[in-house]
Amino acid sequence: MVTALESHGCPVELDRHISCEMCRDRVNGGFDPKSMQVVICQNNVHTQDVCCNVLAHELLHAFDYCRAKVNFENLRHLACSEIRAANMFHCSLGAAMSSGEASLFHVKERHQLCVKNKALQSMRLVRNVTEFEAMMVIDDVFDKCYNDTEPFGRRCFKNLGRAKRALNESRNYYDFSDID
């Protein structure tokens, strides 16, 4: 994510652009476009896995802001970025099965339902919108945003080797020569 951000003209300095702070309950992190800073909520994030997932999610918001000039005050833009983050980092088949949102049947539909639910949850945490209003916006932008898998070209579920494949394939789009 850092290299993708840098390739779009948004360099990341870890000690400047990532901050650990105290947050309100139920919030694990956030992205502040004014300061280009990702916040990890130290009082709510207690494991390395959760921290990495939150960091990836918030860096995707930073990427969307940098690449597409997303206006997070615009509900359509917010919904799109939340759909992308849920799709790329949260709704793995294993996680969806353990939460009861998926089964071995109708996997694609269940995955899409998981993405919509996660995007809805995220939108409601950061904006004062009704569930109905948020779902209307999510449904309106869903297909376009769900199919946008930049900067990786695929979903990055852990423990399936997909993250490593995504990194390797993204080398076709971004210059990784400085990290080899």
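Here the structure is shown first, and the text comes after it.
Residues numbered from 1 in each chain as written. Predicted model: local features only at pLDDT ≥ 70, side-chain atom pairs only at ≥ 80, totals over all residues. Heavy atoms only, no water.

Colleague: Can you break down the packing of aromatic side chains residue by residue, with the values?
Modeller: Aromatic ring pairs are described here by two measures, namely the spacing of the ring centres and the angle between the planes. Scanning the entire structure with this criterion turns up 5 aromatic pairs. Between F31 and F72, the aromatic rings sit 5.9 Å apart at their centres with planes inclined by 70°, giving edge-to-face as the arrangement. Taken together, the residues F31 in strand β2 (residues 29–32) and F72 in the loop between α3 (48–68) and α4 (75–90) connect sequence positions 41 residues apart. The exposure classification of F31 matches that of F72, with both residues buried. Each ring, one from F89 and one from F152, has its centre 6.2 Å from the other, and the planes form 85°; the classification is edge-to-face. Taken together, the positions of F89 in helix α4 and F152 in the loop between α7 (131–146) and α8 (162–170) put the pair 63 residues apart, joining distant regions of the chain. When its relative accessible area of 12% is taken as the criterion, F89 is described as buried. The positively charged end of K116 is found above the aromatic ring belonging to F142, 4.8 Å away from the centroid. (Phe/Tyr/Trp six-rings, centres within 6.5 Å; stacked < 30°, edge-to-face > 60°. Helix = DSSP H or I, 4+ residues; strand = E, 2+ residues; numbered from the N terminus. Buried < 20%, exposed > 50% of the residue type's maximum accessible area, 1.4 Å probe, protein only. Lys NZ or Arg CZ within 6 Å of the ring centre and 35° of its normal.)

Colleague: How would you summarise the pattern of salt bridges if you had to cite specific residues and measurements?
Modeller: Within this structure, the stated rule accounts for 8 salt bridges. One salt bridge in this structure joins R84 and D64, with 2.8 Å as the shortest N-O distance. In this pair, R84 sits in helix α4 while D64 sits in helix α3, placing the two residues 20 residues apart along the sequence. This pair shows no difference in class: R84 is buried, exactly as D64 is. Here D148 and R67 are joined by a salt bridge, their closest N and O atoms 2.7 Å apart. Of this pair, D148 sits in the loop between α7 and α8 while R67 sits in helix α3, and the two are 81 residues apart along the sequence. (Salt bridge = Lys/Arg side-chain N within 4 Å of Asp/Glu carboxyl O.)

Colleague: Quick rundown of the environment of A79? Include the residues and the values.
Modeller: Summarising the element assignment, A79 is placed in helix α4. Among the residues examined, A79 registers a relative accessible area of 0% and is labelled buried. Once the C-alpha coordinates of A79 and C145 are considered, the two residues, 66 residues apart in sequence, prove to be 8.6 Å apart.

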